[in-house]
Amino acid sequence: MISEEGRGEKTHKKEIEEEKEFEELRKRLIKGLEFYILEERVREAMLRVPRHKFVPEYEQRAAYTDTPLDIGYGQTISAPHMVAIMCELLELSEGHKVLEIGSGSGYNAAVMGELVGKSGHVYTVERIEPLVHFARENLKETCYNNVTVILEDGSMGYSRYAPYDRITVTCAAPRIPEPLLDQLKPGGIMVIPVGNYSQELIRIKKDLDGNIHKKKKGGVVFVPLIGKYGF
Ligand code: SAM
């Protein structure tokens, strides 16, 4: 007969084994993304963030496949290769203040939290309230104290902490929202998918004189940005 204490020990042991398994799967996934991940810092950040803790429990086993996954409310956690591409385009450094539109699960914000470090901060805005709670819980469980999740229409940006060194939008806008351009620091970078049926990832650099330079970075598929400056 196993005592209550013994049972507890067994569960704890099982949890440790499971975490080890997830770590192995994560290593394998990141190795498979070599083509997309050029920066060592991005690779290390993605190795550190446990993606299985950012998806609903029934999907944990699928967390280390390179696909978007359902997180409820018609929304998804982006595919890992897309997270890698966007983080690399943003050229994130220690100490950066980042604005993300579209928190979803909080996973992308956690990866960026790793890249900006303790001296930086990620403000991430989500319009669906239950997802705000989902992202907050996931980030709390994984100890990302340098990420703040905000319930708002992010198509208007978030002026309270502006200007931002970096802005990333993880949903597709019909056109680049003017408030986001205004809230980007001179010298800053923004990455945003733009378009309806056919979407293009755009990288925007604001030079020190405030001039905007745009570059197309390839076709993508994202859920729509809904709101005042969205669809
Ligand atoms: N970055 C997320 C992650 O790591 O899980 C994935 C984001 S998901 C592809 C896009 C998110 O954008 C959805 O959660 C959706 O509700 C959100 N969204 C759409 N329009 C928005 C808006 N105006 N303001 C804030 N969030 C918005």
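Scroll up a little and you will see the structure.
**Description of the site of the ligand**
Then, number 1: Taken together, 28 residues lie near the ligand, and Ser105, Glu126, Asp153, Gly154 and Ile226 sit nearest.
Then, number 2: A distance of 2.9 Å is found between a nitrogen atom of the ligand and a backbone nitrogen or oxygen belonging to Gly102.
Then, number 3: Contact distances for the ligand include 3.4 Å between a nitrogen atom and a backbone N or O atom of Arg127.
Then, number 4: Alone, the ligand offers 600 Å² of accessible surface; in the complex the protein occludes 99% of this.
Then, number 5: For the ligand, the cavity whose grid points lie within 2 Å of the majority of its atoms is the largest pocket.
Then, number 6: Among the elements of the structure, β2 (75–77), β3 (97–101), α4 (107–116) and β4 (121–126) are those that each provide at least two residues to the shell around the ligand.

**Examining the sheet that holds strand β5 (residues 147–151)**
Then, number 1: Taken in spatial order, the seven strands of this open sheet run β5-β4-β3-β6-β7-β8-β9, and their pairing is mixed. A strand with exactly one partner marks an edge of an open sheet, and here the two such strands are β5 and β9 (212–220). Neighbour-to-neighbour, the strand axes of the sheet open up by a mean angle of 15°, direction not taken into account.
Then, number 2: As judged from the four bridges shared by β3 and strand β6 (residues 164–169), these two strands associate in the parallel manner. Bridge pairing in β6 places Ile101 opposite Val169.
Then, number 3: Sheet strands touched by α4: β3, β4, β5 and β6. Its angle to β4, the strand with the most contacts, is close to 165°.

**Some words on the layout of surface pockets**
Then, number 1: Here the largest pocket defines a volume of roughly 580 Å³.
Then, number 2: Forming the boundary of the largest pocket are 36 residues, of which Gln75, Thr76, Thr170, Cys171 and Val223 lie nearest the centre.
Then, number 3: When residues of the lining of the largest pocket are traced back to their parent elements, those giving at least two are β2, α3 (80–90), β3, α4 and β4.
Then, number 4: Here the lining of the largest pocket gets four residues from one element, more than from any other, and that element is α3.
Then, number 5: Taken together, the residues of the lining of the largest pocket sort by class into 18 nonpolar, 13 polar and five charged.
Then, number 6: One number sums up the size of the second largest pocket: a volume of about 200 Å³.
Then, number 7: Glu15, Glu18, Glu19, Phe22, His52, Lys53, Val55, Pro56, Glu57, Gln60, Asn138 and Glu141 are the residues that line the second largest pocket.
Then, number 8: Secondary-structure elements contributing two or more residues to the lining of the second largest pocket are α1 (4–32) and α5 (129–141).
Then, number 9: For the lining of the second largest pocket, the leading source of residues is α1, giving four residues.
Then, number 10: Grouping the constituent residues of the lining of the second largest pocket by class yields three nonpolar, three polar and six charged.

**Regarding α4**
Then, number 1: With 10 of its 10 residues buried, α4 lies for the most part within the structure.
Then, number 2: Within the span of α4, buried status applies to Tyr107, Asn108, Ala109, Ala110, Val111, Met112, Gly113, Glu114, Leu115 and Val116.
Then, number 3: Directly beyond the C-terminal end of α4, a positive phi value near 70° is found at Gly117.

**Concerning the pairing of strand β1 (residues 69–72)**
Then, number 1: Bridge count for β1 against β2 is three bridges, and the pairing is antiparallel. Paired with Asp70 across the bridge in β2 is Thr76.
Then, number 2: Linking two consecutive strands that pair antiparallel, namely β1 and β2, is a turn of two residues; a positive phi of about 60° is found at Tyr73 within it.

**Remarks on the packing of helix α2 (residues 40–48) against α4**
Then, number 1: Where α2 contacts α4, the axes come no closer than 9 Å and their chain directions differ by 125°. As summarised for this structure, α2 and α4 are arranged oblique, according to the angle between their axes. Once α2 is placed against α4, the crossing between them reads as right-handed. Of the residues in α4, those touching α2 at Arg41, Val42, Ala45, Met46 and Arg48 are Tyr107, Val111, Glu114 and Leu115.
Then, number 2: Residue composition of the contact of α2 with α4, by class: six nonpolar, no polar and three charged.

Conventions used here
- Residues numbered from 1 in each chain as written.
- Predicted model: local features only at pLDDT ≥ 70, side-chain atom pairs only at ≥ 80, totals over all residues.
- Heavy atoms only, no water.
- Near = heavy atom within 4 Å.
- Polar contact = N/O pair within 3.5 Å; in protein donor to acceptor, adjacent residues only side chain to side chain.
- Areas by Shrake-Rupley, 256 points an atom, 1.4 Å probe, with all protein chains shown as cover.
- 1 Å grid on protein atoms, 1.4 Å probe; cavity = no way out; pocket = protein on both sides within 12 Å on 5 of 7 lines; lining within 4 Å.
- Sits in = over half its atoms within 2 Å of the grid points.
- Helix = DSSP H or I, 4+ residues; strand = E, 2+ residues; numbered from the N terminus.
- Pairing = 2+ DSSP bridges.
- Axes fitted to C-alpha atoms, helices over the stretch in contact; angles between N-to-C directions.
- Contact = heavy atoms within 4.5 Å.
- Points joined across faces, edges and corners; volume = space filled by probe spheres on them.
- Nonpolar A, V, L, I, M, F, W, Y, C, P; charged D, E, K, R; others polar.
- Buried < 20%, exposed > 50% of the residue type's maximum accessible area, 1.4 Å probe, protein only.
- Parallel < 35°, antiparallel > 145°, perpendicular 65-115°, else oblique.
- Left-handed = near helix turned anticlockwise from the far one by under 90°.

Purely geometric numbers; function is a separate question.
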